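Results of the structural survey
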Amino acid sequence: MFNYFSFARTAFYFSLKAVKIPENSEIIMPPITIKPFLDVVLCLKLKPVFVDLDPDTLCYDCNQLEKAITKNTKAINITYLYGITPDMDPIINIAKKYNLFIVEDFSHNINAEYKGKKLGTFGDVGIYSASSTKTFDIHGAGLLITENNDIANSLRKYQNELEFPPRIILLQKIITNFIRNIATKRSVFSLLTFPFIKLLKMISSEEVIKFTGTRPTEPIEKIPKSWL
Ligand SMILES: *Cc1c(COP(=O)(O)O)cnc(C)c1O
């Protein structure tokens, strides 16, 4: 089954809602992911529990993982990073042993396989971000796959309640992506973009700082309308 949302974070939000993870439950989170995934967890009043990554695979260190699980742990977000496929068996075995709801984020590892099985198909749901700058980019989207019919049906219901974005937003996204795609071409980046960002940073407006690594760190109060 295949569902699509406006962002990966939105797909993540509705997956946790679809299986009704009770408030105050713990969810295992990677220390490296995008901030909106953490915002989703906090907005749903779940408790993120960060587990250290194995430096060789940049996925969970299995010893740390098992130690972090308590009676109150209900879900796990497995995020693959930078195209590296970890040893899946031990991670999935631990998650299944404790009956955790497994959300895989394969945004960095589209089409990757482990023992002939695609990443994104090991858990209950697999989420891929097709947002700007990703390998497969469709001007922003969160694609979700699941083999669980109940989850798929709940997700369709949520999807049907969402609003279409105004055309102007789509146009803005397309223009922004076009500029980004050119600006991040290797030669253009080295010769123009990087020196330009460096120059702008000297004047240092908020917008520029965002592109040089520093992002807002305050948790958000509620899920913004634009995510829906
Ligand atoms: C880009 C990225 C996301 C972002 O998803 P959105 O579609 O912007 O919500 C999520 N997870 C990882 C690992 C990413 O690289």
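A few points on the structure. (Residues numbered from 1 in each chain as written. Predicted model: local features only at pLDDT ≥ 70, side-chain atom pairs only at ≥ 80, totals over all residues. Heavy atoms only, no water.)

**Points about the packing of helix α1 (residues 8–18) against helix α2 (residues 35–43)**
Which entries qualify depends on this criterion: Note on geometry: axes are C-alpha line fits, over the in-contact stretch for helices, and angles between N-to-C directions span 0 to 180 degrees. Here a helix means four or more residues in a row that DSSP labels H or I, a strand means two or more in a row labelled E, and each is numbered from the N terminus. Any angle between 65 and 115 degrees counts as roughly perpendicular, while under 35 counts as roughly parallel, over 145 as roughly antiparallel, and the rest as oblique. Helix crossings fall into two classes, left-handed where the near helix is turned counterclockwise from the far one by less than a right angle and right-handed where it is turned clockwise. Contact criterion: two residues are considered in contact whenever any of their non-hydrogen atoms come within 4.5 Å of each other. The nonpolar class holds Ala, Val, Leu, Ile, Met, Phe, Trp, Tyr, Cys and Pro. Asp, Glu, Lys and Arg form the charged class, and all remaining residues, Gly among them, are polar.
Running from amino to carboxyl end, α1 crosses α2 at an angle of 25°, the nearest separation of the two axes being 9 Å. Judged by the angle between their axes, α1 and α2 are roughly parallel. Considering the relative orientation of α1 and α2, their crossing is right-handed. In this structure, α1 uses A8, R9, F12, Y13 and L16 to contact α2, whose residues at the interface are P36, F37, V40 and V41. Among the residues forming the contact of α1 with α2, the class breakdown is 8 nonpolar, no polar and 1 charged.

**Focus: the sheet that holds strand β5 (residues 101–105)**
Spelled out, the test is: One bridge is not enough; two strands pair if DSSP finds at least two bridges between them.
The strand order β1-β9-β8-β5-β4-β2-β3 describes an open sheet built from 7 strands, whose pairing is mixed. Each end of this open sheet is capped by a strand with a single partner; those strands are β1 (2–5) and β3 (47–50). Across the sheet, the mean angle from the axis of one strand to that of its neighbour is 25°, orientation sign disregarded. In terms of strand pairing, strand β2 (residues 26–29) meets β3 through 4 bridges, oriented parallel. Residue pairing for β3: E26 is matched across the bridge by K47. Contacting β1, β2, β4 (73–79), β5, β8 (125–129) and β9 (142–146), α1 runs over the sheet at an angle of about 160° to β8. Seen against the sheet, helix α4 (residues 88–97) touches β4 and β5 and runs at an angle of roughly 145° to β5.

**Examining the site of the ligand**
Put simply, the rule reads: Residues are classed as near a molecule or strand on a simple rule: at least one heavy atom within 4 Å of it. Side-chain atoms alone can form a polar contact between residues adjacent in sequence; in general such a contact is a pair of N or O atoms within 3.5 Å, and within protein one must be able to donate a hydrogen while the other accepts it. With residues, only the protein chains shown are counted as cover, and all accessible areas are computed by Shrake-Rupley using a 1.4 Å probe.
With respect to spatial proximity, 13 residues lie near the ligand, and among them R9, D105, H108, S131 and K134 are the closest. One nitrogen or oxygen atom from the side chain of D105 is found 2.6 Å from a nitrogen atom belonging to the ligand. Interatomic distance of 2.7 Å between a side-chain N/O atom of S131 and an oxygen atom of the ligand. For the ligand, the accessible surface in isolation is 390 Å², of which the surrounding protein chains cover 92%. Grouping the amino acids of the shell around the ligand by side-chain chemistry returns 5 nonpolar, 5 polar and 3 charged.

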